[in-house]
Amino acid sequence: MRRLLRDLRARIERRARAWIRRRQGADTDPVALRRQRIYILPTRLGVAYGAMLFAMLLGGMNYNNNLGLGLTFLLVSLGLVTMHHAHGTLAGVQLRLLEAIPGFVGSDVRFRLLLEHASNVARPALEIGFARDDPGNVTADLPPRGSREATLVLPAQRRGRVELERFVVSTSHPFGLFRAWAVVHPAYSAIAWPRPAERAMTPPLTATDTGGAQSGAIGAEDFAGLRPFQAGDSLRRVAWKTYARGQGLHTKQFAGTDVVSHIFDYDSLAGLPVESRLEQLCRWVLDAQEHGEAFALRLPGTSIETNVGPAHRERCLNALALFDVPETARA
Amino acid sequence: MREPNAPSRIRGLDWVLAALAAAVGPHVPHVPAWVTLLLLAVCAWRWTADLRGWRLAPLPLRVVVVLVSTVAVFGTYRTLNGIEAGTAFLVLMAAAKLLETRTSRDLTVIVFISWFLLYAALLREQSLSQLPWLLGSAFLTAVALMRVHASSAQAPARHIVRRTLQLLLQAAPLAALLFLLFPRLPGPFWGIDSRSEARTGLDDEMTPGDVSDLSASGEVAFRARFFGVTPRPEQRYWRGPVLHEFDGRSWRRPSAQSFPQPQVTFRGPAIRYQITLQPHARRWVLALDLPSAWSEREVTQSFDLTLLSARPINNVAAFELTSHSDYTAGQSLAESMRRKDLALPRDGTNARSVALGRNLAARHVGNPRAIVGEMLTMFRQQPFEYTMQPPRLADNAVDEFLFTTRKGFCEHYASAFTVVMRAAGVPARVVTGYQGGEFNPFGGYLIVRQSDAHAWSEVWIEGRGWMRVDPTAAVAPERIRGSLIDAVAEDEPVPGRLRDASPIWLQVELGWDAVNDFWNQRVVRFDAQSQFDLLDRLGVDDPDWRALGLGLAGSLAAFFVVLSTYLAWRYRPPPRDWPGRLHDAVIARLRKRGLTPGPAEGPVAFIERAERECPDLARTLADIRKLYAALRYGPAPRTDDLQRLKHAVNSLRV
């Protein structure tokens, strides 16, 4: 019996989802929650409240008790007024994507969203998530004419693009008796990088000594001076002694003959399955970046020249993530 | 210090506890003390547990608490039904729920219980004086609910209170509409538990001391509004239960009442009036002696001429009655009736009184009027005293009163008189009710209080029928013509009306009583007829249920339109400032030329592009651009820049 009910409920929910998707179509950034797309239903507490009021109404009519009826009518009105307030709290909120943060397979990708509105009234208790009553849902209180950030987290299960197909913005402000919600079908996606392989295989090393010609390449041999620390610099290169003297964070620069530079080649890993190759390349990229070494990446059809730095790393990881991934046919 | 793994503090608990306490308040005098104490203990424990991070009660303990309290309530009331047992049960359920409150949902359940308790308090009592407390509690409960569901833990209480007040004020008009127009269907749909709580008022038993106790209460018993002349004070005998059975000390109503209905003939002018009874949990309807007609079909008249409602009067109830003060009740007395109203206990109690009665009978054979007269003369001439604080009487209560103490209240006189009459062979009975009443000039009605409670006798006189004899009138005529205050000694405490109250205070009291009367008439007794009258006054011809339904639907729709409009206005985006509006106007005009700003194109860049694409407008557009930039981004815009921008935009001809 319970299973039957659960199945029925799941079916109704599926139908409703499909209907809402058809009705609204895909959204483009930024998404404004207009009145027409806000749905509202009583919560479980709201249903209990309604049942209580119905009992009160029957009792009041049975005993011909006007004051009991009066309290009942006051509570009925209060409930209906809060229904309108729940709807009003949500209508007029605007959402935009700030950043889609990539992640490795096995961890999460994140979508940083900005919720904003222009009205002079605060909009408390907004909830963003994928399902109702999900403990992972994020709550935000919008101050008057202000904005708030909310981050949605999706597990990165497969390499490639992780689509944020659907999420729900809702509120049960002010009394939790009614829940107003809007479904958003955004065109947001984040990249899931391959899971880095275990550190088992050493990368093929190509040591070159090009003197000063390779200005971008930075070696590990000769100390060439200090420059201010930048995000992404290896912690091994931080001049801790300088830091200890209170002169700020600096990174040691090296130059000279023994520049370590790699070429990570997909074809060099013949004999492994595709995903294992990508995972191995991913590991090498991460380690090289960690050690401050330069590297180039060769994939069939893609070639990224030798370089260093976080942007380079991300470019390479993205290339690995999107290698041979068919662009999903999205509208 | 909190334990490391303690449940985090639950939001709004303090408010919910306060709301629950406020909602239980009106029930405290009505539920057993242990129920209140248990709830208080659980509240204190739950609050401390929250503060200290204690663990909550385990499931078996909660089950035990629920079972034990259910059994205890059942043991106390023999039922879980009805207001009394129901509220006690609800209070205990709230306590049990408090043992396990972890989530906002649990707290919401307690909020619902609080509201239900307030509702139960209204079912019990509809007086105006308790309304502020109940409304305050309902409000506090709403604040608690808002607090439980506010998302940010740090929202200031002041803010929450203000928001809740706003919501309630917005709900109030709708509540008023529903109250006025929601159809009031007559009559109960299912059986009402006829057991009801004891209330102040007349009983169907009278022991010496009862009426004087009742007289110590200044509560209003009923109010009477006369259509026409208000009867004189000595005519204001309000007939209540009639007592026939005497056991030597107490008088009772007979349980089985299968006596023939007497024939009554009325003479003289009819007195028409409306009586509004405060709930007294009994069936009798107090009526001016003697009622001749009444409008309610549910009211019947008993064999001893008391009006009885079909059900106990548990709500404020109004009756339209007609009475005649001149009447003849009963052509003949049935034998069963005569036996009943001559019966005296045969155990030899009150022997001296019985002897007195026999002596009277022997001296006035066949002349009951003379017997009555001589007895009244005895009360009048011998040193009898009318007092609210009579001495205690032992077994031979009537003897002691008549021959020893000689101090008594109306019930002593009525009881002793009736006993002597029966001993003298004159059928007699005790009538209880009220005598007198105070006219309220603010409302134009008579207030009859419990302190006006009275007892008198009726004797059967062949050919004349039942005749009212009030022995108190013989002892203390002031009591009948005036009121209690005039009749008792000066040092006796008198309820209700302070003996030395200032006239201003008396006026205030009467004014407040008039307000209460208005409340009873207009709110507590608002019914289907009042609804039709309302529609009639609003200009609806021949209002019926359909008109009522249409009115309700229409006004609800209007309310929701207004509310939605108000909310849309409240959440509206702020208006654009003047430069922004003028720029919008420029965009609207350039659209005619097929120009629209790109998604990333700023106002200045867009106008620059327009200047290039529409050379004929270039000069005006350049002016607009410069003025706009000066107003928006300039260090110190000149005061007439806006005026000039308006002018430039207006002169833009496309």
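Predicted, not measured: the structure shown is a model, and the values here were computed from it.

Take the overall build of chain A next. Within chain A, the secondary structure is distributed over six helices and 18 strands. Its C-alpha atoms give chain A a radius of gyration of 29 Å, more than 25% over the compact-globule value 20 Å for 331 residues. Taking the principal axes of the C-alpha coordinates as reference, chain A spans close to 100 × 50 × 30 Å. Every one of the 331 residues in chain A was classed for burial, and the buried ones make up 37%.

The next thing to look at is unusual backbone geometry. For the bond running from His173(A) to Pro174(A), omega is 0°, close enough to zero to count as cis. You can see Pro174(A) is positioned in the loop between β10 (167-171) and β11 (178-184). In the segment running from Asp289(B) into Leu290(B), the intervening peptide bond is cis, with an omega of 10°. Relative to the helices and strands, Leu290(B) is located in the loop between β9 (287-288) and β10 (291-294). Despite not being glycine, Ala125(A) has its phi angle at roughly 60°, a positive value.

Residue and element names in this part refer to chain B. Among the nine residues of strand β20 (residues 453-461), eight are classified as buried, and the element is accordingly described as predominantly covered. Here β20 runs beside strand β21 (residues 465-469); their pairing, made up of five bridges, is antiparallel. Considered in β21, the bridge of Ile461 is made with Gly465. Between the antiparallel neighbours β20 and β21 lie three residues, among them Gly463 with a positive phi of about 90°.

Membership of the largest hydrophobic core comes to 215 residues, with the highest contact counts inside it found for Val169(A), Val285(A), Leu320(A), Val16(B), Val91(B) and Leu118(B). Tallying contributions element by element places helix α5 (residues 104-124) of chain B first for this core, with 14 residues. In this view, Val16(B) contacts Leu107(B), Ile110(B), Val111(B), Ala144(B) and Val148(B); residues no more than four positions away in its chain are not counted.

Let us look at the domain arrangement of chain B. Segmentation of chain B into domains returns domain 1 (13-155), domain 2 (217-487), domain 3 (512-570) and domain 4 (578-650). Inter-centroid distance (C-alpha atoms) of domain 1 of chain B to domain 2 of chain B is 47 Å.

A separate point is helix α11 (residues 368-381) of chain B. Every α-helix winds through 3.6 residues per turn, so residues three or four apart in the chain are directed the same way. All names here are of chain B. With 14 residues, α11 extends 20 Å from end C-alpha to end C-alpha; this agrees with the ideal 20 Å at 1.5 Å per step. Within α11, burial applies to Pro368, Ile371, Val372, Met375 and Phe379. The arc that holds every buried residue of α11, seen down its axis, measures 100°, which confines them to one face. Of the exposed residues in α11, the ones pointing more than 90 degrees away from its buried face are Thr377 and Gln381. Contact partners of the buried residues in α11: α10 (351-363), α13 (410-423), β20, β21 and α14 (471-475).

A few words on the sheet that holds strand β12 (residues 188-193) of chain A. Residue and element names in this part refer to chain A. The strand order β4-β12-β9 describes an open sheet built from three strands, whose pairing is mixed. Two strands lie at the open edges of the sheet, namely β4 (103-104) and β9 (160-164), each paired on one side alone. One ladder, built from two bridges, connects β4 with β12; its direction is parallel. Considered in β12, the bridge of Phe104 is made with Trp193. In this fold helix α6 (residues 310-322) packs onto β9 and β12, with an angle of close to 95° to the strand it touches most, β12.

The next point concerns the interface of chain A and chain B. Taken together, the contact pairs 43 residues of chain A with 46 residues of chain B. For the side of chain A that touches chain B, the secondary structure elements donating two or more residues are α2 (44-62), α3 (66-90), β6 (123-129) and β7 (138-142) of chain A. Partitioned by chemical class, the residues of the side of chain A that touches chain B number 24 nonpolar, 18 polar and one charged.

Turning next to the confidence of the model for chain B. The predicted coordinates ought not to be read in detail in places where the model reports low pLDDT. Here chain B shows a mean pLDDT of 86. Residues at 70 or above account for 94%. Two summary scores accompany this predicted model of the complex, namely pTM at 0.79 and ipTM at 0.79.

Moving on to the domain arrangement of chain A. Domain annotation for chain A reports domain 1 (2-193) and domain 2 (205-221 + 256-322). At the junction of the two partners, domain 1 of chain A supplies five residues and domain 2 of chain A supplies seven residues.

It is worth spelling out the environment of Gly70(A) at this point. Residue and element names in this part refer to chain A. Tracing the backbone through its elements, the reader meets Gly70 in helix α3. Judged by local crowding, Gly70 falls into the buried class, with 23 C-beta atoms found within 10 Å. Along the primary structure Gly70 and Gly60 are separated by 10 residues, whereas in three dimensions their C-alpha atoms are 8.8 Å apart.

Residues and elements named next belong to chain B. Mapping Ala94 onto the fold places it in helix α4 (residues 82-98). In this structure the C-alpha to C-alpha distance between Ala94 and Ser114, which are 20 residues apart in sequence, comes to 8.2 Å. Discounting chain neighbours no more than four positions away, the residues touching Ala94 are Leu20, Leu39, Ile110 and Ile113.

This next bit is on the packing of helix α3 (residues 59-77) of chain B against α4(B). Residues and elements named next belong to chain B. Two elements in contact, α3 and α4, have axes separated by 10 Å at closest approach and are oriented at 165°. For the element pair α3 / α4, the angle class is roughly antiparallel. Like other packed secondary-structure pairs, α3 and α4 cross with a definite hand, here right-handed. Here Arg62, Val65, Val66, Ser69, Val73 and Tyr77 of α3 come into contact with α4, specifically with Glu84, Ala85, Ala88, Phe89, Leu92 and Ala96. Broken down by class, the residue content of the contact of α3 with α4 amounts to nine nonpolar, one polar and two charged.

Below, the discussion takes up the packing of helix α6 (residues 131-149) of chain B against helix α7 (residues 157-181) of chain B. Residue and element names in this part refer to chain B. Relative orientation of the contacting elements α6 and α7 amounts to 120°, with a least axis distance of 9 Å. It follows from the interaxial angle that α6 and α7 lie oblique. When you trace α6 past α7, the crossing you get is right-handed. Note on element contacts: α7 touches α6 through Ile160, Val161, Arg163, Thr164 and Leu168, opposite Phe139, Ala142, Val143, Met146 and Arg147. Its residues placed into classes, the contact of α6 with α7 shows seven nonpolar, one polar and two charged.

This part is about helix α1 (residues 13-24) of chain B. Residues and elements named next belong to chain B. Over its 12 residues, α1 runs 16 Å from end to end, which matches the ideal 16 Å to within 8%, given 1.5 Å per residue. Counting buried residues along α1, nine of its 12 residues qualify, which places the element largely inside the surrounding structure. The complete set of buried residues in α1 reads Leu13, Trp15, Val16, Leu17, Ala19, Leu20, Ala22, Ala23 and Val24. Looking at the packing, one finds that the buried side of α1 touches α2 (33-52), α4, α5 and α6.

What counts as what
Residues numbered from 1 in each chain as written. Chains lettered and ligands numbered in written order. Predicted model: local features only at pLDDT ≥ 70, side-chain atom pairs only at ≥ 80, totals over all residues. Helix = DSSP H or I, 4+ residues; strand = E, 2+ residues; numbered from the N terminus. Rg over C-alpha atoms; globule rule 2.2 N^0.38 Å. Buried ≥ 20, exposed ≤ 12 C-beta atoms within 10 Å, placed from the backbone. Pairing = 2+ DSSP bridges. Core = buried A, V, L, I, M, F, W, Y, C linked by C-beta atoms within 7 Å. Contact = placed C-beta atoms within 7 Å. Domains from an automatic or database assignment. Expected span 1.5 Å × (residues − 1). Arc of directions from axis to C-beta. Axes fitted to C-alpha atoms, helices over the stretch in contact; angles between N-to-C directions. Nonpolar A, V, L, I, M, F, W, Y, C, P; charged D, E, K, R; others polar. pLDDT = per-residue confidence, 0-100. Parallel < 35°, antiparallel > 145°, perpendicular 65-115°, else oblique. Left-handed = near helix turned anticlockwise from the far one by under 90°.

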